[in-house]
Amino acid sequence: MLRKTCIALCLLLSAPAWAQTEAAPAVVDKPGTVLVVGQRPGPGMWKISKGDHVLWVFATYSPLPVKMQWRSQQVEAIISQSQLYLSPPTLGASVGLWGGLKMLPHMVGMRKNPGGAMLRDVVPPEVYARWRVLKAKYGVSDDAESERPVFAAETLYRAGLQHAGFATGDEVATAIQALLTKNNVKVMNSHVQLDVPNPGKTLKEFKQGSMDDAACFKTTIERLEIDIDVMRQRANAWSKGDLGEIRKLSFADREAACQSAMASSPALRDGLGLEGAEKRVRKLWLEAAEHALATHTTSFAMLKLSNILRTDYVMTDLQARGYTVQAPD
């Protein structure tokens, strides 16, 4: 329970991991539902190297069709050869046992709008009207009407993905973890643990304080209104390893908008010390990657595809530090 509370308050930089296998045709069972028969190939792996030392990076992607199955001989082969697994960069919060106990009285109503306000009171009328249409379409409970826009958006988004036949679970990550365990691959974490000196005060101030989450709410609605088909195309492109097609399919960046919303909360920014936290996580992962390349001939890692494709993230940093970075064919 306490862990779930910390997750709700933190900007978590990790994501579900996905993998690859041989292609099979996607089948649309009914409008808005995606079924995938058989096993599909995901993208190949990025190769980061210096001399004869190689770090293989697998690109994760979400959401994917619920029925998608996978098994990758390439990933299995690389993991069987790897001496080190570099886990995705993550950010979390530590409150301690006593701090956690002090948070309990403040957890009730954490998702609610301050002062008993309803969604119709805090979002523009035009956007609220669009919310009502999607809420009815996806069967979202009236309980969401009292939630902050950022949390109502999360509720709506999950319902929309489920309706369309998508999942954001970690089934593939679990399977890859089983391969790592089977091959006794050593794990190196890149996790920044934020200290929360007064978690009860932080949560109380969060519940009462302001948050700029209008962009998160609107972007979520836009994605569900016009992007479901593009999500399907992007998932199929990922499953076939077609990076060229993925790069063509632009979309409103819901995740970034909603992360920014959480970071806009003064209570979270100050109480959790979020200022500069993403840079710390990025720096830690880069240090871990350089350590892996310096000390092991073969290493394996997973990063979100969206981060791998960024021109201002770790792949560019590694190139600038003299490493050779090769995208999959």
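Bear in mind the structure is a predicted one, so any value in this text is a computation, not a measurement.

1. Side note on the environment of methionine 45
So, point 1. By the secondary structure assignment, methionine 45 is in the loop between β2 (33-36) and β3 (46-50).
So, point 2. Separated by ten residues in sequence, methionine 45 and leucine 55 place their C-alpha atoms 9.6 Å apart.
So, point 3. Residues in contact with methionine 45, not counting those within four places in the same chain, are Trp56, Val57, Phe58, Gln74, Val75, Ile78, Phe300, Gln326 and Pro328.

2. Points about the packing of helix α6 (residues 149-164) against helix α12 (residues 254-263)
So, point 1. The geometry of α6 relative to α12 is characterised by a closest axis approach of 10 Å and an angle of 150° between their N-to-C directions. Compared by their axis directions, α6 and α12 come out roughly antiparallel. Handedness of the crossing formed by α6 with α12: left-handed. Residues Val150, Phe151, Ala153, Glu154 and Tyr157 of α6 form the contact with α12, whose participating residues are Arg254, Cys258, Ala261 and Met262.

3. Notes on the state of the cysteines
In protein chemistry, a disulfide is the covalent bond that joins the sulfur atoms of two cysteines.
So, point 1. Taken as a whole and judged by the stated rule, the model has one disulfide.
So, point 2. Cysteine 216 shares a disulfide with cysteine 258; S-S distance 2.0 Å. Taking the torsion about the S-S bond as the criterion, the cysteine 216 to cysteine 258 disulfide, at about 80°, is right-handed. Here cysteine 258 lies in helix α12 and cysteine 216 lies in helix α9 (residues 214-226), a separation of 42 residues in the sequence. For the pair cysteine 216 and cysteine 258, one class covers both residues: buried.

The rules behind the values
- Residues numbered from 1 in each chain as written.
- Predicted model: local features only at pLDDT ≥ 70, side-chain atom pairs only at ≥ 80, totals over all residues.
- Heavy atoms only, no water.
- Helix = DSSP H or I, 4+ residues; strand = E, 2+ residues; numbered from the N terminus.
- Contact = heavy atoms within 4.5 Å.
- Axes fitted to C-alpha atoms, helices over the stretch in contact; angles between N-to-C directions.
- Parallel < 35°, antiparallel > 145°, perpendicular 65-115°, else oblique.
- Left-handed = near helix turned anticlockwise from the far one by under 90°.
- Disulfide = S-S within 2.5 Å.
- Buried < 20%, exposed > 50% of the residue type's maximum accessible area, 1.4 Å probe, protein only.

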